[in-house]
Amino acid sequence: YFCRHGERWELQLKGSGKTPYSRNGDGRAVLRSSVREFLCSEAMHYLGIPTSRAASLVVSDDDVWRDQFYNGNIKKERGAIVLRLAKSWFRIGSLEILAHSGELDLLRRLLDFIIQEHFPSIAMNDSNRYLEFFSTVVSETANLISLWMSVGFAHGVCNTDNFSLLSITIDYGPFGFMDSYDPNFVPNTSDDEGRYKIGNQASVGLFNLNKLLQALKPLLDPRQKQLASQILEGYGERYYSRFTELFRSKLGLLGENENDNYLIAFLLKVSLLC
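Residues numbered from 1 in each chain as written. Predicted model: local features only at pLDDT ≥ 70, side-chain atom pairs only at ≥ 80, totals over all residues. Heavy atoms only, no water.

Considering the overall build of the protein
The criterion, for reference: We count a stretch as a helix when DSSP gives it H or I for four or more residues in a row; a strand needs E for two or more, and each element gets its number in order from the N terminus. C-alpha atoms define the radius of gyration, and 2.2 Å times the number of residues to the power 0.38 defines the globule rule. Only protein chains enter the accessibility calculation, which uses a 1.4 Å probe; a residue is then buried when its area is under 20% of its type maximum, exposed when over 50%, and partly exposed in between. It only takes one pair of heavy atoms within 4.5 Å for two residues to be counted as in contact. Accessible areas in this description were obtained via Shrake-Rupley with a 1.4 Å probe; residue shielding takes into account the shown protein chains only. When charges are counted, neither His nor the chain ends are considered; positive counts come from Lys and Arg and negative counts from Asp and Glu. For this purpose, a charge sits on NZ of Lys, CZ of Arg, CG of Asp or CD of Glu.
Across its full length, the protein holds 8 helices and 6 strands. Relative to a compact globule of 274 residues, whose C-alpha radius of gyration would be 19 Å, the protein shows 20 Å and is just as compact. Principal axes of the C-alpha set define a box for the protein whose edges measure 55 × 55 × 40 Å. Per-residue burial for the protein yields a buried fraction of 41% across its 274 residues. The long-range fraction of contacts in the protein, counting pairs at least 24 apart against all pairs at least 6 apart in sequence, stands at 62%. Of the roughly 15300 Å² of accessible surface on the protein, 51% is carried by carbon and sulfur atoms. Positive and negative charge centroids in the protein, built from 30 and 32 side chains respectively, lie 3 Å apart.

If you want it as structure tokens, here you go:
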């Protein structure tokens, strides 16, 4: 942990080599992607979007072999290491893997730790604490993806391992900003099917939240499971409400009007035709 002004941050080195979680990868990072992560995470912070931060970037003397465009043309590149910071690096996948492997005691202990450390508004003696936790993550995930859309940011790999439980932007692998509005914009050259195209981000968020709910269900009683399902059903309304609020502000609209959504959709369609 890194302490500053009473805040605690978790440090993580990206590109430092293999870890127990590296799977089949080499755990290294190339200079070009490291610079991109450093610049984009800082840009997102100053755009007011919850994100991890970059503290430093060190160029490595080690060579790294990469197929940049996934076309079989492997080249030697300069390696680098980014020191990045976040209040927490726990992801939806952190809970999903424990539930999938049946490690329910560890799942409960980890979840209690996360709530105690990062969700101070939730009382640890509250029997509905997991439900309150889920409700918060659903709401904040909807908010985060709305913010992404408001600046035309597309995260290239929106799986459960890249969705933070604190609803911050993490793991800047493939990503991009639209130069002009295109709901089919895909920043990941390996995403041939467009699974994570920018127009799908809200739906993928819902998919990941459903995976989180499945991971939590072994810890919930029947009533809580029903309430959690209702909370998840409200995700779409929360997303569109926040999306409309952000775009209304971008257009300088005062107050609310029932035709605001139509106007926003119309202007986006016009942008698509231009």
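Considerations on the pairing of strand β4 (residues 75–86)
Heads up, the condition is: Any two strands with at least two DSSP-identified bridges between them are counted as paired.
Both strand β2 (residues 7–14) and β4 contribute to a ladder of 5 bridges, which runs antiparallel. The residue bridging Lys 14 from the neighbouring strand is Val 82, located in β4. Across 10 bridges, the pairing between strand β3 (residues 53–66) and β4 is antiparallel. What sits directly across from Ala 54, in β4, is Arg 84.

A look at the domain arrangement of the protein
To be explicit about the condition: Segment limits for the domains were obtained from an automatic or database-derived domain assignment. By buried area we mean the combined loss of accessible area, with a 1.4 Å probe, across both parts when two parts are placed together. Any Lys or Arg side-chain nitrogen found within 4 Å of a carboxyl oxygen on Asp or Glu counts as a salt bridge. Any N or O atom pair separated by 3.5 Å or less is treated as a polar contact, with the protein-specific requirement of one donor-capable and one acceptor-capable atom, and with residues adjacent in sequence counted only for side-chain atom pairs.
By domain assignment, the protein separates into domain 1 (10–86) and domain 2 (92–251). For domain 1 versus domain 2, the separation of C-alpha centres amounts to 23 Å. Each partner contributes to the roughly 1400 Å² buried at the junction of domain 1 and domain 2, and carbon and sulfur atoms together form 63% of this total. The largest per-residue losses of area from domain 1 upon contact with domain 2 belong to Arg 36, Cys 40 and Pro 50, which jointly make up 31% of the total buried on that side. Remark: the boundary between domain 1 and domain 2 carries 1 salt bridge. The closest approach of N and O atoms between Asp 171 and Arg 84, which form a salt bridge, is 3.1 Å. There are 7 residue pairs in polar contact (both at pLDDT 80 or more) connecting domain 1 and domain 2. Mapped onto the side of domain 1 that touches domain 2, the elements with two or more residues apiece are β2, α1 (31–46) and β4. Counting residues per element, the side of domain 1 that touches domain 2 draws most heavily on α1, which supplies 5 residues.

Considerations on the pattern of salt bridges
All told, the structure shown has 15 salt bridges when counted by the stated rule. The salt bridge partner of Glu 37 is Lys 14, with a shortest N-O separation of 2.7 Å. Residue Glu 37 is found in helix α1, and its partner Lys 14 is found in strand β2; the two are separated by 23 residues along the sequence. Residue Glu 37 is classed as buried on the basis of its relative accessible area, which comes to 1%. In this structure Lys 14 comes out as partly exposed when scored by relative accessible area, which is 21%. One salt bridge in this structure joins Asp 61 and Arg 78, with 3.7 Å as the shortest N-O distance. Note that Asp 61 is positioned in strand β3 and Arg 78 in strand β4, a separation of 17 residues in sequence.

Observations regarding unusual backbone geometry
Phi is positive for Ser 167, close to 55°, though the residue is something other than glycine. Along the chain, Ser 167 falls in the loop between β5 (153–155) and β6 (175–177). Classification of Ser 167 as buried rests on a relative accessible area of 6%. Its identity as a non-glycine residue notwithstanding, Asp 171 has a phi of 60°, on the positive side. Tracing the chain through its elements places Asp 171 in the loop between β5 and β6.

Looking at the nonpolar core
Cut-off, in case you're wondering: The definition of a nonpolar core used throughout is a set of buried Ala, Val, Leu, Ile, Met, Phe, Trp, Tyr and Cys residues joined through side-chain atoms within 4.5 Å.
Grouped together as the largest cluster of nonpolar side chains are 53 residues, with contacts concentrated most on Leu 95, Phe 133, Trp 148 and Leu 212. If one sorts the elements of this core by residue count, helix α4 (residues 129–150) sits on top with 12 residues. Here this core gathers at least three residues from each of two domains, domain 1 (10–86) and domain 2 (92–251). Beyond its immediate sequence surroundings of up to four residues, Trp 148 is in contact with Met 44, Ile 49, Phe 153, His 155, Cys 158, Phe 163, Thr 169 and Gln 201.

Points about the environment of Arg 32
Relative to the elements of secondary structure, Arg 32 occurs in helix α1. Taking the relative accessible area as the measure of exposure, Arg 32 reaches 34% and is therefore partly exposed. Remark: the alpha-carbon pair of Arg 32 and Glu 77, spanning 45 residues in sequence, is separated by 8.8 Å. Discounting chain neighbours no more than four positions away, the residues touching Arg 32 are Arg 66, Gln 68 and Glu 77.

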